[in-house]
Amino acid sequence: MDSNRSRANRIAVERAAGRLAAVDMRARTVLHGLPPPGADGEIRVAAYGSDIRLLPPYTGAVHADSGKLAHPVDHLLVLRYLLCDTPLDADGPPVSFRDLPGGQFYWEPFLSRTVLPLAATIGNRLDSLRERLDGLGAAPFAGGDAGGRVACIGRLGISLAYYAGDDEFPPSAAIFFDVSVRRAFSTDDAAAMAQRLCGILCDPLAR
């Protein structure tokens, strides 16, 4: 039996896929710099270093390289990314979760689901973190003792600044979103994208 969360996610996927059916997907892929649809309508969108493959009616999503079902959150975020009808290039300085609508109010829950478990898992193993970021194709990011910018969903990225701990302070991290995240995602979606990134960095098999 579906849990309440999985049922809600399935309904959200079905609604987003239904809206996507009315979109000119060839024009949308051009807008977002994606490969054009295949002869069968296939769409591919990169997510955390792996291409996710969707076929009409877009209610299913798999990893193109393995055929493994995509994580339900990634599937929904990819659909909502494709529903965005404005360009999503990183065209300004990154923003904190606090800068998103309602982000200040949900700041503590956001931290508890993202950087706090990441710091608890990684500790001072900076080489391990760098290796995991490299596995996600991270680009350099100037901040912290280690970090990088990961393209999470299509062109939308998250920049991570990670700080090693010492005798006085435990390890910590800060997350910054591409400013264009506001065009495609709600604050809840942005939080889910960050939670997925931190979850994958904690356990690369979670992808």
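This report concerns the structure included in the present document. (Residues numbered from 1 in each chain as written. Predicted model: local features only at pLDDT ≥ 70, side-chain atom pairs only at ≥ 80, totals over all residues. Heavy atoms only, no water.)

**Section: the pattern of salt bridges**
Here is the rule: Salt bridge, as used here, is a side-chain nitrogen of Lys or Arg placed within 4 Å of a carboxyl oxygen of Asp or Glu. Every helix listed is a DSSP run of H or I at least four residues long, and every strand listed is a run of E at least two residues long, numbered separately from the N terminus. The buried label goes to any residue with under 20% of its type's maximum accessible area, the exposed label to any with over 50%, and the partly exposed label to all in between, with areas taken from a 1.4 Å probe on protein chains only.
Under the definition given, this model contains nine salt bridges. Between Arg-53 and Asp-40 there is a salt bridge whose closest N-O contact spans 3.9 Å. Residue Arg-53 is located in strand β2 (residues 50-54), and its partner Asp-40 is located in the loop between α2 (25-31) and β1 (43-47); the two are separated by 13 residues in the primary sequence. In this structure Arg-53 comes out as partly exposed when scored by relative accessible area, which is 25%. Among the charged side chains, a network of salt bridges with common partners joins Asp-40, Glu-42, Arg-44 and Arg-53.

**Details of the packing of aromatic side chains**
Condition: Between rings of Phe, Tyr and Trp, where Trp is taken as its six-membered ring, a pair exists when centres lie within 6.5 Å; planes separated by under 30 degrees are stacked, by over 60 edge-to-face, and by other angles tilted.
Enumeration over the complete set of coordinates arrives at six aromatic pairs. Centre to centre, the rings of Phe-110 and Phe-177 are 6.2 Å apart; their planes meet at 45°, and the pair counts as tilted. One end of the pair, Phe-110, is in helix α4 (residues 107-113); the other, Phe-177, is in strand β6 (residues 172-177), and 67 residues separate them in sequence. Arranged with centres 6.0 Å apart and planes meeting at 40°, the rings of Phe-141 and Phe-176 form a pair that is tilted. Pair noted here: Phe-141 is in the loop between α6 (126-135) and β4 (146-153) and Phe-176 is in strand β6, with a separation of 35 residues, a long-range link.

**What to know about the packing of helix α1 (residues 4-20) against helix α3 (residues 72-83)**
Two measures define how a pair of helices packs: the angle their axes make with one another and the distance between the axes. In plain terms, the rule: Fitted lines through C-alpha atoms give the axes, limited to the stretch in contact for helices. The angle between two N-to-C directions lies from 0 to 180 degrees. Each angle receives one of four descriptions, namely roughly parallel if under 35 degrees, roughly antiparallel if over 145, roughly perpendicular if within 65 to 115, and oblique otherwise. A clockwise turn of the near helix away from the far one marks a right-handed crossing, whereas an anticlockwise turn of less than a right angle marks a left-handed crossing. Whether two residues are in contact is decided by their heavy atoms, any of which lying within 4.5 Å being enough. Here the term charged refers only to Asp, Glu, Lys and Arg, the term nonpolar to Ala, Val, Leu, Ile, Met, Phe, Trp, Tyr, Cys and Pro, and the term polar to all other amino acids, Gly among them.
Taken N-terminus to C-terminus, the directions of α1 and α3 make an angle of 25°; their axes are 9 Å apart at the nearest point. Here α1 lies roughly parallel to α3, going by the angle between them. Relative to α3, the crossing made by α1 is left-handed. Residue-level contacts link Asn-9, Ala-12, Val-13, Ala-16, Ala-17, Arg-19 and Leu-20 of α1 to Pro-72, Val-73, His-75, Leu-76, Leu-79, Arg-80, Leu-82 and Leu-83 of α3. When its residues are assigned to classes, the contact of α1 with α3 shows eleven nonpolar, two polar and two charged.

**Describing α6**
To keep things clear, this is the line we draw: For this quantity, the arc is that covered by the directions from the helix axis to the C-beta atoms.
Among the residues making up α6, those that are buried are Leu-126, Ser-128, Leu-129 and Leu-133. Down the axis of α6, the buried side of the element spans an arc of 160°, and every buried residue falls inside it. Pointing more than 90 degrees away from the buried face of α6 are the exposed residues Asp-127, Glu-131 and Asp-134. Buried residues in α6 make contact with α5 (115-122), β4, β5 (156-163) and α8 (187-202). The positive-phi residue at the C-terminal boundary of α6 is Gly-137, with phi of around 70°.

**Regarding the pairing of β4**
Convention followed: Note: two strands are recorded as paired if DSSP finds a minimum of 2 bridges between them.
Across seven bridges, the pairing between β4 and β5 is antiparallel. Across the sheet, Ile-153 pairs through a bridge with Leu-156, a residue of β5.

**As for the nonpolar core**
Most often, soluble globular proteins have nonpolar side chains that are buried together. The criterion, for reference: Nonpolar core, defined: a set of buried Ala, Val, Leu, Ile, Met, Phe, Trp, Tyr and Cys residues in which side-chain atoms within 4.5 Å join the residues together.
With 63 residues, the main nonpolar core has Tyr-48, Phe-110, Ile-153, Ile-175, Phe-177, Phe-185 and Met-193 as its most contacted residues. Filtering out sequence-adjacent residues up to four positions away, Tyr-48 remains in contact with Asp-74, Leu-77, Leu-136, Ala-151, Cys-152, Ile-153, Met-193, Arg-196, Leu-197, Ile-200 and Arg-207.

**Comments concerning the side chain of Thr-187**
Among the secondary structure elements, Thr-187 is positioned in helix α8. Classification of Thr-187 as buried rests on a relative accessible area of 12%. Ignoring anything within four residues of it in the chain, the contact list for Thr-187 reads Phe-97, Leu-100, Pro-101 and Gly-103.

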